[in-house]
Amino acid sequence: MEIKEIVLPGELIAEKKGRKAGRGTYFEGEKVFAGVLGIPRVDENEISVMPLSGVYTPSIEDKVVGIIQGVEISGWTVGINSPYLAFLPLSEGVSEFVDTQRTDISRFFDINDIISCKISKVTKNKTIQVSMRSIGSRKLYGGITIKVTPTKIPRIIGKGGSMISLIKEKTGCEIIAGQNGIVWMRGERKDKAIEAIMTIERESHTIGLTEKIEKLLGEVV
Amino acid sequence: MSETGEKLIIDGKRLDGREPEQLRPIQMEVKIINRANGSSLVNFGGTHAIASVHGPRALFPRWMQESDTGILRCRYNMAPFSVEDRKSPGPDRRSVEISKVARLAIEPAIFLEDFPKATIDVFIEVLQADGSTRVTGINAASLALADAGVPMRDLVTACSVGKIDGVLVADLNGKEDNNSEVDMALAMLSTKKKITLLQMDGSVNKEELMILLNLAEKSCEKIYEIQKKVLKEKYKRI
């Protein structure tokens, strides 16, 4: 099986030549080096490295799956599988008017509830705010969550969502893959879905993965 | 010559049959601990060290947090069964010092400023000690950090050099370490060739020191090639 090239931290990727040193890289003078273990990508205007492991670092507009960790007076703290807790303000979580003086807001979201939301604010010192005011954000009832390496989520989703819709279609599960590496799923054949996702996570850097997953899921139909 | 009068170099060869500049057989492995973000096992002959990396993760207690940068915490520990006479478990003066120098050796390689308020924890456990444990530990830690996907400028490579029976040698083992005239530990950023750790005891003149530094650099290059191979192989494996 063909395997993509891998770079280690400190390895020279390419000359800069006016291009941007993107994610997972750093530059010294005209030379761009890898800043993390991963797969390098050299484009016309950007040089970047897709990491193969690592924790999730939140960035704005990311769709994530979060787990409520605490209920405050006017919002919730949300665990998003990163070194930092996110905050979900009341106004970003519920659309109706809530009188905080009289209401216990745990009736909307309580500890251990799972939500899908979007990162709305990230400050320089990593104070993070999430919002549920976007399309697709909602509370997720039932189901289970699994954690995968966040950097592999794009591979699980696939180009234009091709891979995830393949899994959804073949297993009949509802699946939401957050960019933070938490995948929520609900359905009868979630064991197969988990197997497929784990296979993708393990072999994300190999070529010809879609066929392999198709085969793996094809057997059960 | 050792304290008992035993010769450490016979016919230009060391007691374990090595040439003066030859390293011991080196074995490296990554991803050996499932619960850690990154981990590695490094063997330099009879010295075996395991390193595991946890994080970047939230740092508590809160007063330890730095609002503009992350911190690196490093623990070097020798297992009670790692040496001939049982070592009493827990930190002692020596391991506290080595924890610190290991941290200082690794720190320049990591982009800690990417993780304000967080911590990266590195645990180095020496399972079996036969000289040069700190450099083995640093090599293991560096591999584990790369395995954990921590953003780094470079891999850190370390090795020991020294002088026994008047001969300049690389990678001292336990016996040579105990009876050496000079014993030097060195860690460097592998591709940048910048030294992050340099410790020495004994005395040398300037010429010998320069030779030792060169020898250390050459040895580090060899070790770096192995580190590189191990990491690439691991991620290639299906």
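Up top is the structure these notes are about.
The rules behind these values
Residues numbered from 1 in each chain as written. Chains lettered and ligands numbered in written order. Predicted model: local features only at pLDDT ≥ 70, side-chain atom pairs only at ≥ 80, totals over all residues. Helix = DSSP H or I, 4+ residues; strand = E, 2+ residues; numbered from the N terminus. Buried ≥ 20, exposed ≤ 12 C-beta atoms within 10 Å, placed from the backbone. Contact = placed C-beta atoms within 7 Å. Pairing = 2+ DSSP bridges. Axes fitted to C-alpha atoms, helices over the stretch in contact; angles between N-to-C directions. Parallel < 35°, antiparallel > 145°, perpendicular 65-115°, else oblique. Left-handed = near helix turned anticlockwise from the far one by under 90°. Nonpolar A, V, L, I, M, F, W, Y, C, P; charged D, E, K, R; others polar. Right-handed = clockwise from strand over helix to strand, strands pointing away. Expected span 1.5 Å × (residues − 1). Arc of directions from axis to C-beta. Core = buried A, V, L, I, M, F, W, Y, C linked by C-beta atoms within 7 Å.

Asks: Which parts of the structure should I look at to understand the overall build of chain A?
Replies: The number of helices and strands found in chain A is 5 helices and 15 strands. Dimensions of chain A along its principal axes, counting C-alpha atoms only, are 60 × 50 × 25 Å. Burial statistics for chain A: of 221 residues in total, 40% are counted as buried. By sequence separation, contacts in chain A at least 24 residues apart represent 55% of the contacts at least 6 residues apart.

Asks: Where do I start with the pairing of strand β4 (residues 38-44) of chain B in this structure?
Replies: A regular strand places its side chains so that they alternate between the two faces of the sheet. All names here are of chain B. By the criterion of burial, β4 is predominantly enclosed, with 6 of the 7 residues buried. Inspection of the sheet shows strand β3 (residues 26-30) paired to β4 by 5 bridges, in the antiparallel sense. Residue pairing in the sheet places Gln27 in a bridge with Asn43 of β4. Looking at chain direction, β4 and strand β5 (residues 47-58) are connected through 7 bridges and run antiparallel. When the bridges of β5 are listed, Ser39 appears paired with Ser52.

Asks: Can you help me understand the sheet that holds β4(B) in this one?
Replies: Pairing between the strands of a sheet comes from backbone hydrogen bonds, and it takes one of two forms, parallel or antiparallel. Residue and element names in this part refer to chain B. Overall, mixed pairing links the 5 strands, which are arranged β3-β4-β5-β7-β6 in an open sheet. Every interior strand has two partners, whereas the edge strands, β3 and β6 (71-78), have only one. On average, each strand axis in the sheet is tilted by 15 degrees relative to the strand beside it, whichever way the strands run. Relative to strand β7 (residues 118-128), β5 runs antiparallel, the two sharing 9 bridges. Paired with Ala51 across the bridge in β7 is Ile124.

Asks: I would appreciate a short explanation of the packing of helix α3 (residues 162-171) of chain A against helix α4 (residues 190-202) of chain A in the present structure.
Replies: To describe two helices that pack against each other, one gives the angle between their axes and the distance between the axes. Residues and elements named next belong to chain A. Axis separation between α3 and α4 bottoms out at 10 Å; the angle between their running directions is 155 degrees. The orientation of α3 with respect to α4, classified from their angle, is roughly antiparallel. Crossing of α3 over α4 shows right-handed handedness. Only Lys192, Ala193, Ala196 and Ile200 of α4 make contact with α3, whose side of the interface consists of Met163, Ile167 and Thr171. Considered class by class, the residues forming the contact of α3 with α4 number 5 nonpolar, 1 polar and 1 charged.

Asks: Help me understand the pairing of β6(B), please; the structure alone is not making it clear to me.
Replies: All names here are of chain B. Across the 8 residues that make up β6, a large majority, 6, are buried. Both β6 and β7 contribute to a ladder of 8 bridges, which runs parallel. Within the sheet, the bridge partner assigned to Met78 lies in β7 and is Val126. Handedness of the crossover is the feature at issue here: the chain leaves β6, passes through helix α1 (residues 93-106), returns alongside β7, and the resulting connection is left-handed.

Asks: Can you help me understand α1(B) in this one?
Replies: Because the α-helix completes a turn every 3.6 residues, residues three or four places apart line up on one side. Residues and elements named next belong to chain B. In this model, α1 (14 residues) spans 20 Å end to end at C-alpha, consistent with the 20 Å of a helix rising 1.5 Å per residue. Burial in α1 covers these residues: Ser95, Ile98, Ser99, Ala102, Ala105 and Ile106. One side of α1 holds all its buried residues, which, seen down the axis, span an arc of 130 degrees. For α1, the exposed residues set more than 90 degrees away from the buried face come down to Arg93, Val96 and Lys100. Residues of α1 that are buried sit in contact with β6, β7, α2 (133-147), β8 (156-164), β10 (182-189) and β11 (194-202).

Asks: For this particular structure, what's the right way to read the interface of chain A and chain B?
Replies: Interface size is commonly expressed as the accessible area that is lost once the parts come together. Contacts between the two partners involve 23 residues from chain A, matched on the other side by 32 residues from chain B. Its residues assigned to classes, the side of chain A that touches chain B comprises 13 nonpolar, 7 polar and 3 charged.

Asks: Would you mind going over the sheet that holds strand β2 (residues 20-21) of chain A with me for this structure?
Replies: Residues and elements named next belong to chain A. Read across the sheet, 3 strands follow the order β2-β6-β5 without closing on themselves; strand pairing throughout is mixed. With one partner strand each, in any of the chains shown, β2 and β5 (38-42) form the two edges of the open sheet. Relative to strand β6 (residues 46-51), β5 is paired through 5 bridges, and the arrangement is antiparallel. Looking at β6, one finds that Pro40 is bridged to Val49.

Asks: Just checking my understanding: could you explain the nonpolar core for this structure?
Replies: Nonpolar side chains in soluble globular proteins tend to be buried together. Judged by nonpolar contacts, the single largest core of 81 residues is most densely connected at B:Ala51 and B:Ile106. Ignoring sequence-local partners within four residues, the contact set of B:Ile106 consists of B:Leu72, B:Cys74, B:Val122, B:Ile138, B:Ala141, B:Ser142, B:Leu145 and B:Val156. Membership of the second largest hydrophobic core comes to 37 residues, among which are A:Ile114, A:Ile156, A:Ile176 and A:Ile182.

Asks: Please clarify how unusual backbone geometry should be interpreted in this entry.
Replies: Going from B:Gly55 to B:Pro56, the amide bond is cis rather than trans, its omega being 10 degrees. Within the element layout of this structure, B:Pro56 appears in strand β5. Cis geometry marks the peptide bond from B:Phe60 to B:Pro61, where omega comes out at 5 degrees. In this fold, B:Pro61 is placed in the loop between β5 and β6. Although it is not a glycine, A:Lys126 sits at a positive phi angle of roughly 65 degrees.

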